[in-house]
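# Tertiary structure, described
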Amino acid sequence: MSKEIVFSGIQPSGEPTIGNYIGAIRNWVDIQNEDKYTCLYCVVDMHAITVPQVPKDLRKHTLEMLSALMAAGIDPEKSILFIQSHVPAHAELTWVLNTITYMGQLNRMTQFKEKSKRFEEASINSGLYTYPVLMAADILLYQAKYVPVGEDQKQHLELTRDLAERFNNRYSDTFVIPEPLIKEQGARIMSLQDPESKMSKSDADENAYILLLDEPDVIRRKIKRAVTDSEGVIAYNDRQKGIKNLINIYSAFTNEDVETIVAKYEGKGYGIFKEDLAEVVIEGLRPIQESYKELINNKDYLEKVYKEGAEKAEYMARKTLRKVYKKIGFIPR
Ligand code: AQP
């Protein structure tokens, strides 16, 4: 029997943060190493252009993301690692799915509401609006059974399931209905400057995030400046969201549970905790950073990886798209 399929994607909309790492990339590596699934991991450049991008930065960030994924442990010999725009079937299936998606559904998407707040109404593009449909196409093209996503992407996955069911009911069984794989602990890392909003690689304030590739001194500085509170006690609760977030980061990098960390820092001040946290993060990122430096300078190897990845993905995607076109009544060439 062939293995069940896992699909996930990440936008090259900036450099990856420790939020992306803890909430997504690290899980991808664990899932890959279980050897139970066929894993497809995709750098979703087509998603990234739903907000303005500088072309030369997008090119740079795409290769950086590819290198960072491999540095964090995605092995192109084990997983299919590719760039979304290299497989045209993503755009093609999106068009078909657009025709069975109701605007009412898209109007309810929280990410669209959040992201469109950043722009004047007249400059919100329709790609941002139909972003979830492209995401549905990404997943359904590969007949993925499992989609490791952060909490914030759950709503999009619900839409994907809904579209798959609608298509299957209207025509006949075509798509596997995907399920989210959400890791309970440490699923959501918050901004260091505003613990009410999630850490994002495209945040305008660079003190809000720690990048996977930040230098040790930068990490120390950003953690030192992280917003806390005036209670002065290291405790894990929703009144002290800043400290809670820092404890979550500490826990993610050391695998110690929250209670152990709180007990360890009983009676100690925020300053000491922050200093220790910075060292924990620096040490945790060190091997990734070393491996990244080698990869990013090896352009030939990167090209080989993304070309081979695209070929494998293309083969799988075409198979689904052919079925879809046939069922909806398009005449094969
Ligand atoms: N702060 C976070 N904590 C935990 N998980 C996170 N993810 C993102 N931020 C956090 C997870 O990372 C995966 C890839 O996300 P993405 O790049 O496709 O888009 P995003 O969720 O919009 O991530 P960013 O960093 O916030 O990007 P921008 O700033 O471009 O919007 C997803 O699985 C996501 O859940």
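Structure shown above.
Summary of the structure given here. (Residues numbered from 1 in each chain as written. Predicted model: local features only at pLDDT ≥ 70, side-chain atom pairs only at ≥ 80, totals over all residues. Heavy atoms only, no water.)

### Quick look at helix α4 (residues 89–98)
The set of residues buried in α4 consists of A89, H90, L93, T94, V96 and L97. Down the axis, α4 shows its buried residues gathered within 165 degrees of arc, on one side only. Summarising the contacts, the buried residues of α4 are in contact with α2 (45–48), β3 (80–83), α7 (126–141), α8 (154–170) and α13 (299–328). (Buried < 20%, exposed > 50% of the residue type's maximum accessible area, 1.4 Å probe, protein only. Helix = DSSP H or I, 4+ residues; strand = E, 2+ residues; numbered from the N terminus. Arc of directions from axis to C-beta. Contact = heavy atoms within 4.5 Å.)

### Let's talk about the state of the cysteines
The full count for this structure, using the stated rule, is zero disulfides. C39 carries a free sulfur, and the closest cysteine sulfur to it, the one in C42, is 14 Å from it. Relative accessible area serves as the criterion here: at 0%, C42 is assigned to the buried category. (Disulfide = S-S within 2.5 Å.)

### Notes on the pairing of strand β2 (residues 37–43)
In terms of burial, β2 is largely enclosed, as six of its seven residues are buried. Relative to β2, strand β1 (residues 4–10) is paired through seven bridges, and the arrangement is parallel. Each residue of the ladder has a partner; that of E4, found in β2, is Y37. Bridge analysis of β2 against β3 gives four bridges, and the strand direction is parallel. Within β3, the residue paired with Y41 across the bridge is L81. (Pairing = 2+ DSSP bridges.)

### A few points about the site of the ligand
By nearness alone, 21 residues border the ligand, and S13, I189, S200, K201 and S202 come closest of all. Here an oxygen atom of the ligand and a backbone polar atom of Q11 are 3.1 Å apart. Against a free-state accessible area of 640 Å², the protein chains account for coverage of 97% of the ligand. At the level of elements, β1 and α1 (18–33) are the ones that each hand at least two residues to the shell around the ligand. Broken down by element, the residue count for the shell around the ligand peaks at four residues, all from α1. Along the lines of polarity and charge, the residues of the shell around the ligand split into six nonpolar, 10 polar and five charged. (Near = heavy atom within 4 Å. Polar contact = N/O pair within 3.5 Å; in protein donor to acceptor, adjacent residues only side chain to side chain. Areas by Shrake-Rupley, 256 points an atom, 1.4 Å probe, with all protein chains shown as cover. Nonpolar A, V, L, I, M, F, W, Y, C, P; charged D, E, K, R; others polar.)

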